[in-house]
Structure formats: structure tokens, C-alpha cells
Amino acid sequence: MTDKRRRYIRMFALVWFILAVAGDIGLALGPTPPFTASDLASSQSTVIKVLSVIAWPVFSAVLAVIAFTLFANRVAPHEGDVPPRELRGDSRPQIAWITASIVIVLSLAVYGTVALANDQPGAGISTASASLPQPASASDPLEVQVIAQQWWFTYRYPTYGGIETPQLVLPVGQKIQFHVTSLDVVHSFWFYALGVKADAVPLNDNVFTATPSQTGTYRVQCSELCGLWHGNMNADDAMVVSSSDFSNWIQQQQAMDAPILKYLPAYSHTYAPNPLSYGS
Amino acid sequence: MGLRASIVGICTIIAGVIVGFFVTQYMGHTPPTVTVSMSANTVEGRPVVDVSFTTVGSVGSGLHPNWVAYLNADGNPATYFHVPAGSVVRMTINQQDSATGLRNPYFALVRGTVGNEMTVNKKVMTSINPDDSAHTFTIPDIGVSVPLLGVASNAPSGAQNVVQFEFIAPAAGTYRWQCFVPCGAGTLYGNGGPMQTLGYMAGEMVVS
């Protein structure tokens, strides 16, 4: 190996090291989406942060090797035609690279599996046969049903008389059990800030749990192409409020829903409007 | 070579003209709008505008004579209208279609209007039986939703329920509105055709 080549190796190794360390510090200390508005979001944020911190040095190493190859093997115009060098295997970097890859991939697999296992039970898993909700208590999760239809989400609160509203309001610090379903085509309920994203499928009950930890106003939207107004099937009025504000809001909604309560179907985890009675 | 180049050139020009024609047509297309009349009155300092629609079970002419639609005063399918920001929008919908029924009964509730109520043939109502709903007028982004009571299926031609309500126009912007009754006859779950086509059972309210 020539001195020039060694110089290049040292130079690019230094550049990679600086890039890797600086990037990892930024990734480790900076905010990572979906941030911390719920326990689920915090968990996802941590997973993304860990993956990013591990992936960044690998990615920057690939960039450094590409740049090194371009510079170190460059032939100046005055050097004329230079026959390509014969490449021979070098077992040391190969072993190092394969070993590092195996360690990183297996570590991430273990970490990801543990993170998934520790996630809220029922997250993303259909529990259509689950029993209907019992009256709420402080320790029980608050069940909130998300009903998707072309092109608006509505929400039912079975522990408060089964009222239905077009606005999602949740109490802070209370574990929420979302039950997501659809009345027509497939939609997807995405409450980004809470880390909740669940497909809304007709005749299916998709369950997610999350505990909101920060009051505020958030966005919910559909993330499954569902027709003409899919791009508008969103709302910026989802709210996480204090328990007292939530109680007041519920009372307002109960009063507002009074004229329609007798017409709403009994609360169920799925609904089966007869399609034969429509569009014929 | 010269002949070949000429043919290629002429074909390119023709293709360009055709593409330009359709692009111009598309860009310059203005959908039929609903004429809005400004009232001389004001309510608490707010201007008042009157908007009127007629809903029918079938348009009767045009590209889709069998489609259900909101019609403007000229009898044409039209679902675009302009109102001033902050104004009181007085809606009158002459509802001439028979009931289909709501897939989600919740939309039988009047919500987001002044007083959360409407009048049907001058009778104040806050909800209707979901099965009696022919259509809804719903602007999701501002929470306005009004069910439109269907006429009897054997009612004589021209029979109608006059549905009236008021709401406050929001800040400037474009707000989509739609019907929540699956009234697209002959389509999957009744949500195709006119339900998926602007100008029939879906439209936009432009607030400026």
C-alpha cells in the first residue's frame, strides 16, 4: 500500500469518525418524532432514536468509503491510461465488516422484539370478540370507538351512554383504548402525536391503547386512500384536556346528542349496515 | 431525411396543439356555481347571504341524467358557492328526493347551525329519523351537518320539503361539503358516481 493511499485512508477515517460522532450526538440529543404526547409515542420515539443512532455511523461509513474510492483511485489526466489493478481479497476487512453487520442486525432484532413485546397489549391486534366495556373507573382504560366513513371520523364513548361526536376529546393521563372500525371502505385512523395508527376495516375491530401525557390540540387524519375526499379526511381539532374539562365536554356532548340518542344503534365493536339497502 | 424530419415536426406540433387545447380547457374550466344573494339586513353586524339549492333524485339531462344531485336556481347540477367570511349564511334547500336512509344514524342530528336546529316546512327540528333522510348537507371542517328529510316515495312530482337553517361562515378558505347518505344509486355501497363527483353530491364553499 502506498503512502498516498494510507494518507487517504486516515483522512477519510477521520472524516467518518467526526461525521458519525457529530451525527449521533445530534440524533441522541435532538427531538425524535412522534415525540412524547403519549406513552406509545414516547416508546416509538425511543425506538426510532436507537435505530437512528446505530444506523447513522453505518450510513456515513458507506458515504465515506464511496468518497474514499473516488479520491484514492482517481487517475489524473496526465497519467494516461492506467490498467486496472488486480483486486485480491483481503480477509481482515471482510471479516470485520461481516462481524459488525451480524452484531448490529442481531442486536436490533433482539431490541425490536423486546420493544414489541413490551408494547401495550392489544396494540394493533383485532379483538373483535372482546367483551363490551364496563363502567369506567380510574384504573380502567377509557374505551373510545373510532368510526370511519367516507369522509369523516366520528367517535363513540360507550362509558358515557354511547354518545357519538365528530370531535375527538381525551382526558390527559387516562389510558385510552381505541376501537377502530369502518362503515364502508377501508380507512386508516392516524393520531400521529399519540403514536396511534390503525386501519379502519368494515366488520373489524382494531384495538390500540395509548395514554395521552400532554394536553393540547392535535391533528387526526385518514392515511388510507379512500375516495374523493380522502385528502380532506382530517381534523385539527382533536384535543387532550384535563379531567375536569373532559367531564364538562362530555356533559355538553350528552346534551347535544340528546335528540339523536334514541336513533343510534346499540354500542358494538363493529357495525353492519346492510349494503343491499343502499345504492340500489 | 428532410421529409422524415418534416413529418416528425408536423406530428409534434399537432400533438402539442392537442395537449395544449386540453390543458387550457382543464385549467380554464369553471364549474357551475350557485348564485348567492346578499341580503340588505345584517345580524349583529354580520352580513347575511342567502344560498338556495334543490335536491333531486335524478338530474334528468346532461352527462348523467340518472344521477342524484344538488341543483342551482337554473336547474343545473352545481355545488360551488362563495360567501363572505363571518357572514350569516341562510340556507334554503328544496328537498325533492325520497328517503334512502343513513348508513351512520348520527348524521340525522342537526349540528353546527345557529341554535343547532333547522326548520322543515317552517317546523323547527333538531333531528329526524335516520331512515327518513334523503341527503345531508355537511361541511365537516366547521362541524355543520343537517339531515334533509325525504319526501314520500309515492309523492307527486315536484313535492318537496323546504329545509332552512343558518350557520356562520368561517375564516377565509375553501371548505368541502358533501352528503352522508349513500345515495349513489347503482354504485358500490351507494358511495360512487355522484357521491364521488364534484358538482353533484359534493362541492366546495369558498369563503373570502
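It should be emphasised that the depicted structure is a prediction, and the values quoted were computed from it without experimental measurement. (Residues numbered from 1 in each chain as written. Chains lettered and ligands numbered in written order. Predicted model: local features only at pLDDT ≥ 70, side-chain atom pairs only at ≥ 80, totals over all residues. Heavy atoms only, no water.)

1. A look at the domain arrangement of chain A
All names here are of chain A.
Thinking step 1. Domain boundaries in chain A define domain 1 (3–73 + 93–119) and domain 2 (142–261).
Thinking step 2. Using C-alpha coordinates to define each centre, domain 1 is positioned 37 Å away from domain 2.
Thinking step 3. Summed over both sides, the interface of domain 1 with domain 2 buries roughly 790 Å², with 47% coming from carbon and sulfur.
Thinking step 4. Across the domain 1-domain 2 interface, the total number found is zero salt bridges.
Thinking step 5. For the pair domain 1 and domain 2, the interface holds seven residue pairs in polar contact (both at pLDDT 80 or more).
Thinking step 6. Tallied by class, residues from the side of domain 1 that touches domain 2 come to six nonpolar, three polar and one charged. (Domains from an automatic or database assignment. Buried area = accessible area lost by both parts, 1.4 Å probe. Salt bridge = Lys/Arg side-chain N within 4 Å of Asp/Glu carboxyl O. Polar contact = N/O pair within 3.5 Å; in protein donor to acceptor, adjacent residues only side chain to side chain. Nonpolar A, V, L, I, M, F, W, Y, C, P; charged D, E, K, R; others polar.)

2. Some details on the pairing of strand β9 (residues 144–149) of chain B
Residues and elements named next belong to chain B.
Thinking step 1. Burial analysis of β9 places six of its six residues in the buried class, the great majority of the element.
Thinking step 2. Neither face of β9 is exposed, since Val144, Val146 and Leu148 on one face and Ser145, Pro147 and Leu149 on the opposite face are all buried.
Thinking step 3. The pairing of strand β8 (residues 133–139) with β9 spans six bridges and is antiparallel. In the sheet register, Ile139 faces β9, and the bridge partner there is Val144.
Thinking step 4. In sequence, β8 turns back onto β9 through a hairpin of four residues, with Gly143 there showing a positive phi of about 75 degrees. (Buried < 20%, exposed > 50% of the residue type's maximum accessible area, 1.4 Å probe, protein only. Helix = DSSP H or I, 4+ residues; strand = E, 2+ residues; numbered from the N terminus. Pairing = 2+ DSSP bridges.)

3. Section: the packing of aromatic side chains
Thinking step 1. As enumerated under the stated definition, the model contains 29 aromatic pairs over all chains in all.
Thinking step 2. Taking 5.8 Å as the distance between ring centres and 45 degrees as the angle between the ring planes, the aromatic pair formed by A:Phe178 and A:Phe189 counts as tilted. Of this pair, A:Phe178 sits in strand β6 (residues 176–182) while A:Phe189 sits in strand β7 (residues 187–191), and the two are 11 residues apart along the sequence. Neither residue differs from the other here; A:Phe178 and A:Phe189 are each classed as buried.
Thinking step 3. An aromatic cluster is built from B:Phe53, B:Tyr70, B:Phe81, B:Phe137, B:Phe165, B:Phe167 and B:Trp177, whose rings are joined through pairwise contacts. (Phe/Tyr/Trp six-rings, centres within 6.5 Å; stacked < 30°, edge-to-face > 60°.)

4. Describing the environment of B:Ala40
All names here are of chain B.
Thinking step 1. Within the fold, Ala40 resides in strand β1 (residues 37–43).
Thinking step 2. Accessibility expressed as a relative area gives 80% for Ala40, which makes it exposed.
Thinking step 3. Separated by 85 residues in the primary sequence, Ala40 and Met125 have C-alpha atoms spaced 27 Å apart.

5. Considering the pairing of strand β5 (residues 88–95) of chain B
All names here are of chain B.
Thinking step 1. Burial within β5 is extensive, with seven of its eight residues counted as buried.
Thinking step 2. Here strand β2 (residues 46–56) pairs with β5 via eight bridges, running parallel. Across the sheet, residue Thr55 finds its bridge partner in β5, namely Gln95.
Thinking step 3. Pairing of β5 with strand β10 (residues 161–168), which is carried by eight bridges, proceeds in the antiparallel orientation. Each residue of the ladder has a partner; that of Ile93, found in β10, is Val163.

6. Considering helix α4 (residues 243–257) of chain A
Residue and element names in this part refer to chain A.
Thinking step 1. For α4, spanning 15 residues, the distance from its first C-alpha to its last is 21 Å, which sits close to the expected 21 Å at 1.5 Å a residue.
Thinking step 2. Those residues of α4 that fall on the buried side of the exposure criterion are Phe246, Trp249, Ile250, Gln253 and Asp257. All buried residues of α4 lie within an arc of 105 degrees about the axis, which places them on one face of the element. Residues of α4 that are exposed and point over 90 degrees away from its buried face: Gln251 and Ala255. (Expected span 1.5 Å × (residues − 1). Arc of directions from axis to C-beta.)

7. Considering a positive patch on the surface
Residue and element names in this part refer to chain A.
Thinking step 1. A grouping of Lys4, Arg7, Arg10 and Arg74 is seen on the molecular surface, where their side chains present a positively charged patch.
Thinking step 2. Summarising the element assignment, Arg10 is placed in helix α1 (residues 3–29).
Thinking step 3. When its relative accessible area of 54% is taken as the criterion, Arg10 is described as exposed. (Patch = residues over 30% accessible without salt bridge, like charges linked within 9 Å, V, L, I, M, F, W, Y side chains within 5 Å. Areas by Shrake-Rupley, 256 points an atom, 1.4 Å probe, with all protein chains shown as cover. Lys, Arg positive; Asp, Glu negative; His and termini not counted. Charge placed at Lys NZ, Arg CZ, Asp CG, Glu CD.)

8. Topic: the packing of α1(A) against helix α2 (residues 39–72) of chain A
Residues and elements named next belong to chain A.
Thinking step 1. One can describe the packing of α1 onto α2 by two numbers: an axis separation of 9 Å at closest approach and a directional angle of 155 degrees. With respect to α2, the element α1 is oriented roughly antiparallel. When you trace α1 past α2, the crossing you get is right-handed. On α2, the residues that touch Arg5, Tyr8, Ile9, Phe12, Trp16, Leu19, Ala20, Gly23, Asp24, Leu27 and Ala28 of α1 are Lys49, Ser52, Val53, Trp56, Pro57, Ser60, Ala61, Ala64, Ala67, Phe68, Phe71 and Ala72.
Thinking step 2. Considered class by class, the residues forming the contact of α1 with α2 number 17 nonpolar, three polar and three charged. (Axes fitted to C-alpha atoms, helices over the stretch in contact; angles between N-to-C directions. Parallel < 35°, antiparallel > 145°, perpendicular 65-115°, else oblique. Left-handed = near helix turned anticlockwise from the far one by under 90°. Contact = heavy atoms within 4.5 Å.)

9. Remarks on the pattern of salt bridges
Thinking step 1. Tallied over the entire structure, the rule returns three salt bridges over all chains.
Thinking step 2. One salt bridge in this structure joins A:Arg6 and A:Asp3, with 3.5 Å as the shortest N-O distance. Here A:Arg6 pairs with A:Asp3, and both are found in helix α1, just three residues apart, close to one helical turn.
Thinking step 3. Taking the relative accessible area as the measure of exposure, A:Arg6 reaches 37% and is therefore partly exposed.
Thinking step 4. Between B:Asp50 and B:Arg90 there is a salt bridge, with the nearest N and O atoms lying 2.8 Å from each other. Note that B:Asp50 is positioned in strand β2 and B:Arg90 in strand β5, a separation of 40 residues in sequence.

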